[in-house]
Amino acid sequence: MSRGHIRQRGKDSWQLKFDAGRDPLTGNRRIEYVTFRGSKRSAQRELNRLLSEVDSKGYVPQQGTTVGEYARRWLDEIAAQTVSPRTWQRYEELVEHHITPHIGRCRIQDLDGSHIDSLYARLRREGRRDGKGGLSETTVRHIHRVLALIVKSAIKARVIRVNPMEAVQATPRNTKADIQILEDSEVSKLLGYLKGRALYPIVMVALGTGLRRGEVLGLRWKDVDLDRGQLRVSQVIEQTKNSLRFKEPKTTQSRRTIRLPSSIIGILRDHRREQAAMRLKLGLGRGDNDLVFSTWDGRVRKPNAVTRAFKDDATAAGLPHLTLHGLRHTHVSKLLANGVPVNVVAQRVGHANPTVTLNIYAHVMEGADDAAAAVFDTALRKAIEE
């Protein structure tokens, strides 16, 4: 019995019918029908190619799954099991707000580079949800990465055979994010305003250690050894729109022990004493979470609420451009600018390796390189004179 045959349907139209093997789930035989336009000889070559794909396990059956349908399936069945809730939430936002509305109705097997190039052009031109222009190149690049993950999953699931991302001509550029670094005068201005306010110890620890927001708010007193002058990063707090949870740091490098500046040790001693006095006054115990920066009544501080409060305080202090993450950038930049070896800085702030630090803070290292050249120039001149 022949595995396939050709039937003419029109002047230059042919129906290719062939045995595509057994369905891996049901075990039933799959008979595929493909319409082909061209000569009969070309139709025969196409049938031979399809049969060859079936034999090599490379054949992808025709189906009507759309980009939107597969993206939703990927979010719920794949991404939900492989990324953190916060990352999943960001993926969902990009899919629901930017990918599905524009190319969601396109069959995923029809998706090609021109569709994706058109998507990016539209997002750059008018992608903002408030209707006030286009998205930044950084956001378009995030969308590009998520779409690439969806396509990669579809290829692995044998929903599509060819990767359309390889045909994209307007791939978003990998732009350098603006790094916020506070001048010494701005640090004084900020701390002067915050002194005596609830955020003061939180900001001091973030500025003096370079810890991320979730790391600072996840600190427990058992992680802090004030006598030795060090703290251990062993848990972080993560907030999504539906949950608040503690989790282990993402990488081995993020689980670290770092030294505390002596000024921070004094601030933490004062904070612990005031915290204990407040809880005693209110008749509260230490609480189950043992958090260094819990709310006044021992509850967990929500990271997003801290971010909003910091933004309000920074604006009131005359620094409306500053974000909480800018404190981490300032910490790293000050260390590098003052000659602390990059591998020490990378270890202190939990970067995967020094290369990550160099890539982010290369502009800071330019000044250090000038200083290094000047030092060696002095040594050479002295050698020449001698």
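Whatever comes next refers back to the structure up there.
Note that the structure is a prediction, hence the values are computed from the model and not measured.

1. As for the environment of Thr355
Here's step 1: Along the chain, Thr355 falls in helix 13 (residues 354-360).
Here's step 2: As for Thr355 and Asn343, which are separated by 12 residues in sequence, their C-alpha atoms are 8.7 Å apart.

2. Considering the sheet that holds strand 3 (residues 29-37)
Here's step 1: In spatial order, the strands read 1-2-3; together these 3 strands make up an open sheet with antiparallel pairing. Pairing within the sheet leaves two strands with one partner each, and these edge strands are strand 1 (4-8) and strand 3. Pairs of neighbouring strands in the sheet enclose a mean axial angle of 20°, with direction left out of account.
Here's step 2: In this sheet, strand 3 lies alongside strand 2 (residues 13-22) in antiparallel orientation, the contact comprising 8 bridges. Its bridge partner being in strand 3, Leu16 is matched across the sheet by Val34.

3. Looking at the side chain of Arg256
Here's step 1: Relative to the elements of secondary structure, Arg256 occurs in strand 8 (residues 256-259).
Here's step 2: Within the local environment of Arg256, its side chain forms a polar contact with the backbone oxygen of Ser254, the two atoms lying 2.8 Å apart.
Here's step 3: Separated by 3.5 Å, the side chain of Arg256 and the backbone oxygen of Val349 make a polar contact.
Here's step 4: Other than its neighbours up to four places away in sequence, Arg256 contacts Leu211, Arg212, Glu215, Leu231, Arg232, Val233, Arg328, Gln347, Arg348, Val349 and Gly350.

4. Overview of the pattern of salt bridges
Here's step 1: Under the criterion given, the structure shown has 24 salt bridges.
Here's step 2: As a salt-bridge pair, Arg128 and Asp130 come within 2.5 Å of each other at their nearest N and O atoms.
Here's step 3: Across the salt bridge formed by Asp227 and Arg269, the nearest N and O atoms sit 3.4 Å from each other. Remark: Arg269 occurs in helix 9 (residues 262-282) and Asp227 occurs in the loop between strand 4 (224-225) and strand 5 (230-233); sequence separation between them is 42 residues.
Here's step 4: Asp227 gets classed as exposed once you look at its relative accessible area, which sits at 71%.
Here's step 5: Its relative accessible area of 32% is what places Arg269 among the partly exposed residues.

5. Here we look at the sheet that holds strand 5
In a beta sheet, neighbouring strands pair by backbone hydrogen bonds and run either parallel or antiparallel.
Here's step 1: Reading across from one edge, 4-5-8 is the order of the 3 strands in this open sheet, with antiparallel pairing throughout. For this open sheet the edge positions go to strand 4 and strand 8, each flanked by a neighbour on one side alone.
Here's step 2: Bridge analysis of strand 4 against strand 5 gives 2 bridges, and the strand direction is antiparallel. Within strand 5, the position partnered with Asp225 by the bridge is Gln230.

6. Considering the packing of helix 11 (residues 325-337) against helix 12 (residues 342-349)
Here's step 1: For the pair helix 11 and helix 12, the least separation of the axes is 10 Å and the interaxial angle reads 155°. Between helix 11 and helix 12, the crossing angle belongs to the class labelled roughly antiparallel. For the element pair helix 11 and helix 12, the recorded crossing hand is right-handed. Two secondary-structure elements touch here, helix 11 through Arg328, His331, Val332, Leu335 and Leu336 and helix 12 through Val342, Val345, Arg348 and Val349.
Here's step 2: Looking at side-chain class alone, the contact of helix 11 with helix 12 contains 6 nonpolar, 1 polar and 2 charged residues.

7. Re the nonpolar core
Here's step 1: Leu190, Leu268, Phe310 and Leu327 are the most contacted members of the largest nonpolar core, which has 38 residues in total.
Here's step 2: Take this core: its biggest share by element is 7 residues, from helix 7 (residues 200-209).
Here's step 3: Aside from chain neighbours lying at most four places away, what touches Phe310 is Leu190, Leu199, Val203, Leu322, Thr323, Leu324 and Leu327.
Here's step 4: Counting 31 residues, the second largest nonpolar core, distinct from the first, contains Trp74, Leu75, Val159 and Met165.

Cut-offs and rules
- Residues numbered from 1 in each chain as written.
- Predicted model: local features only at pLDDT ≥ 70, side-chain atom pairs only at ≥ 80, totals over all residues.
- Heavy atoms only, no water.
- Helix = DSSP H or I, 4+ residues; strand = E, 2+ residues; numbered from the N terminus.
- Pairing = 2+ DSSP bridges.
- Axes fitted to C-alpha atoms, helices over the stretch in contact; angles between N-to-C directions.
- Polar contact = N/O pair within 3.5 Å; in protein donor to acceptor, adjacent residues only side chain to side chain.
- Contact = heavy atoms within 4.5 Å.
- Salt bridge = Lys/Arg side-chain N within 4 Å of Asp/Glu carboxyl O.
- Buried < 20%, exposed > 50% of the residue type's maximum accessible area, 1.4 Å probe, protein only.
- Parallel < 35°, antiparallel > 145°, perpendicular 65-115°, else oblique.
- Left-handed = near helix turned anticlockwise from the far one by under 90°.
- Nonpolar A, V, L, I, M, F, W, Y, C, P; charged D, E, K, R; others polar.
- Core = buried A, V, L, I, M, F, W, Y, C linked by side-chain atoms within 4.5 Å.

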